[in-house]
Amino acid sequence: MFDAQTTCLVVVGAQWGDEGKGKLVDVLAERADFVVRYQGGANAGHTVVIGDAQFILRQIPSGILHPRVTCLIGNGVVLEPENLFKELDSLHERGIDTEGRLYISDRAHLVLPYHKLLDAASEKSQNLGTTGRGIGPAYEDKYGRRGVRVADLRRLECARAALADRVRRANQLLEMMGSGERANLDEHLRLVERLAPRLLPLATDAGLMVYRAVRERRRVLLEGAQGALLDVDHGTYPYVTSSNTTAGGAAVGAGIGPTAIDGVLGVVKAYTTRVGNGPLPTEAGSPYGERLRELGGEFGAVTGRPRRCGWFDATVVRYATRVNGLTGLAVTKLDVLDGFAEIPVGTMYRLDGHSCEEMPAEVEALARVEPVYDVLPGWTQPTGNARKLADLPAAARAYLDRLEKLSGVPVRYVSVGTRRDQIIEV
Ligand code: GDP
């Protein structure tokens with residue numbers, strides 16, 4: 001996707017997350033100078049497989065696995081510092097040198113232990129299927145203008161006073177929510193005192209770094225977490241995440257203007273999955289749902305939760321194309337469909353007896369839609385060794401053509417396995 005005109009590229013999930021963005025970013029990062037995470041927190045786990053080694057990256061951009069790439073955690077991320085250091089230590093143990101290659105926006109907000117307590121308490125009443133890692137409450141504090149940012153740790157006295165106030169407030173909320181848990185101020189103070197010396201040397205004006213990189217026409221990848229249907233504005237509200245996962249969020253969360261972005265690659269699975277609660281119109285019945293889950297290894301990278309599985313939903317991807325301004329698609333996990341005799345593709349919905357080609361705003365309506373399916377012939381030949389389109393069985397090529405037509409955006413990549421080399425560039 002990088003060329004003379006395209007040097008700043010966003011990679012977004014165009015379904016409900018877990019589309020294989022980690023692998024795509026890993027593949028594209030080979031040609032990148034910078035990889036920037038722009039939203040989300042430690043809930044999203046990207047899985048990257050290199051040879052026999054599997055890396056699960058929650059907060060550190062997957063570009064870190066390429067020694068030439070500088071990785072940035074943007075201001076739009078809510079950072080869980082302890083988890084970040086665990087991730088860094090585990091990379092170091094496995095011989096990955098991150099020195100001078102990882103920076104964190106000093107404007108990023110921190111996820112603190114009290115956020116996790118609040119998350120657990122509100123999940124009990126709201127039952128949204130969150131990962132309980134404090135991400136939602138950290139964004140609530142950010143937008144409530146009472147967050148604690150990385151830069152605040154430069155003045156520990158002020159940070160201590162802020163923490164005293166936040167912990168008191170969190171405890172009032174926990175009491176109101178009927179939780180028996182309480183946040184402990186001393187624990188919070190000790191935590192930030194311990195973390196600040198390691199965090200602050202990594203803290204910088206990350207937006208300025210991205211801006212300069214873009215101006216110098218260096219190759220910049222902006223890496224999203226989750227997917228379009230989990231975007232707080234565009235997703236299946238309230239079963240969404242707390243940030244803007246879509247490409248507009250990339251500009252805001254990386255700290256640059258939208259005109260700096262040259263292209264947006266939407267990553268989609270060749271089928272559909274969703275983790276957590278909320279409607280999934282093309283969810284496959286038994287035994288296909290189980291088969292997709294087993295063959296696709298559809299279990300959460302961080303939580304191990306089984307994902308709900310179903311057929312490709314073109315209404316979802318058309319919508320994601322629109323709200324992200326996608327300029328290309330990367331279709332992943334085509335190999336998982338090897339051996340299915342027939343593959344249904346959801347082309348549109350019917351709602352209350354009428355055709356419905358766009359995503360309804362209300363989650364109740366989405367729960368009621370009936371997908372209209374095109375049933376395409378499957379293929380028996382394995383696709384894992386294909387390295388160009390011509391290597392694929394004709395039925396697999398026809399399947400991709402159909403996805404492209406229904407989505408209205410050209411397919412630029414096809415992934416046919418977990419490994420780095422199992423990719424077709426179209
Ligand atoms: P992400 O958050 O979008 O990066 O997605 P995850 O990492 O949670 O899930 C993607 C999973 O699918 C990982 O285990 C990947 O190794 C795996 N994966 C990615 N692309 C392919 C592919 O083309 N085929 C198969 N079989 N697995 C893939």
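Heads up: the structure comes first, above all this text.
Reading the values: the criteria
- Residues numbered from 1 in each chain as written.
- Predicted model: local features only at pLDDT ≥ 70, side-chain atom pairs only at ≥ 80, totals over all residues.
- Heavy atoms only, no water.
- Salt bridge = Lys/Arg side-chain N within 4 Å of Asp/Glu carboxyl O.
- Helix = DSSP H or I, 4+ residues; strand = E, 2+ residues; numbered from the N terminus.
- Buried < 20%, exposed > 50% of the residue type's maximum accessible area, 1.4 Å probe, protein only.
- Expected span 1.5 Å × (residues − 1).
- Arc of directions from axis to C-beta.
- Contact = heavy atoms within 4.5 Å.
- Pairing = 2+ DSSP bridges.
- Axes fitted to C-alpha atoms, helices over the stretch in contact; angles between N-to-C directions.
- Near = heavy atom within 4 Å.
- Polar contact = N/O pair within 3.5 Å; in protein donor to acceptor, adjacent residues only side chain to side chain.
- Areas by Shrake-Rupley, 256 points an atom, 1.4 Å probe, with all protein chains shown as cover.

> Help me understand the pattern of salt bridges in this model?
Opposite charge on two side chains allows them to pair when their charged atoms are near. Under the counting rule described, the total for this entry stands at 28 salt bridges. For Arg168, the salt bridge identified is with Asp165, shortest N-O distance 3.7 Å. You can see Arg168 and its partner Asp165 sitting in helix α5 (residues 156-176), 3 residues apart, about one turn around the helix. Taking relative accessible area as the criterion, Asp165 reaches 29% and is therefore assigned partly exposed. The partner of Glu358 in a salt bridge is Arg322, and the shortest N-O contact between them spans 3.4 Å. In this pair, Glu358 sits in the loop between β17 (354-356) and α11 (363-368) while Arg322 sits in helix α10 (residues 314-324), placing the two residues 36 residues apart along the sequence. Classification of Glu358 by relative accessible area gives partly exposed; the value is 44%.

> Just checking my understanding: could you explain helix α12 (residues 394-407) for this structure?
Residues spaced three or four apart along an α-helix face the same direction, because each turn holds 3.6 residues. Taking 1.5 Å of rise per residue, 14 residues should cover 20 Å, and α12 covers 20 Å from first to last C-alpha, within 8% of that figure. Looking only at α12, the buried set comprises Ala396, Tyr399, Leu400, Leu403, Leu406 and Ser407. Summarising the axial view, the buried residues of α12 lie within an arc of 130°, below the 170-degree limit, and thus occupy one face. The exposed residues of α12 that point more than 90 degrees off its buried face are Ala394 and Lys405. Among the structural elements, β14 (312-313), α10, β15 (328-332), β16 (342-351), β18 (370-377) and β19 (411-415) are those in contact with the buried residues of α12.

> Teacher, can you tell me more about the sheet that holds strand β5 (residues 70-73) here?
The pairing of strands in a sheet happens through backbone hydrogen bonds and is either parallel or antiparallel. Taken in spatial order, the 10 strands line up as β9-β7-β5-β2-β10-β1-β11-β15-β19-β20 in an open sheet, and their pairing is mixed. Each edge of the sheet is formed by a strand with only one pairing partner; in this case those strands are β9 (203-204) and β20 (423-425). Here 2 bridges tie strand β7 (residues 102-105) to β9, and the two strands are oriented parallel to one another. Its bridge partner being in β9, Ile104 is matched across the sheet by Ala203. In this fold helix α8 (residues 247-254) packs onto β1 (8-13), β2 (34-37), β10 (220-223) and β11 (263-269), with an angle of close to 120° to the strand it touches most, β1.

> Any chance you could explain the site of the ligand here in plain terms?
Among the 18 residues in the neighbourhood of the ligand, the closest are listed as Lys21, Gly22, Thr47, Asp335 and Ser415. Here an oxygen atom of the ligand sits 2.7 Å away from a polar atom, N or O, in the main chain of Gly22. Separating a nitrogen atom of the ligand from a side-chain N or O atom of Asp335 is a distance of 2.8 Å. When isolated, the ligand has an accessible area of 580 Å², and the protein chains bury 92% of it. Going through the elements one at a time, α1 (21-29) and β3 (46-50) are the ones with two or more residues in the shell around the ligand.

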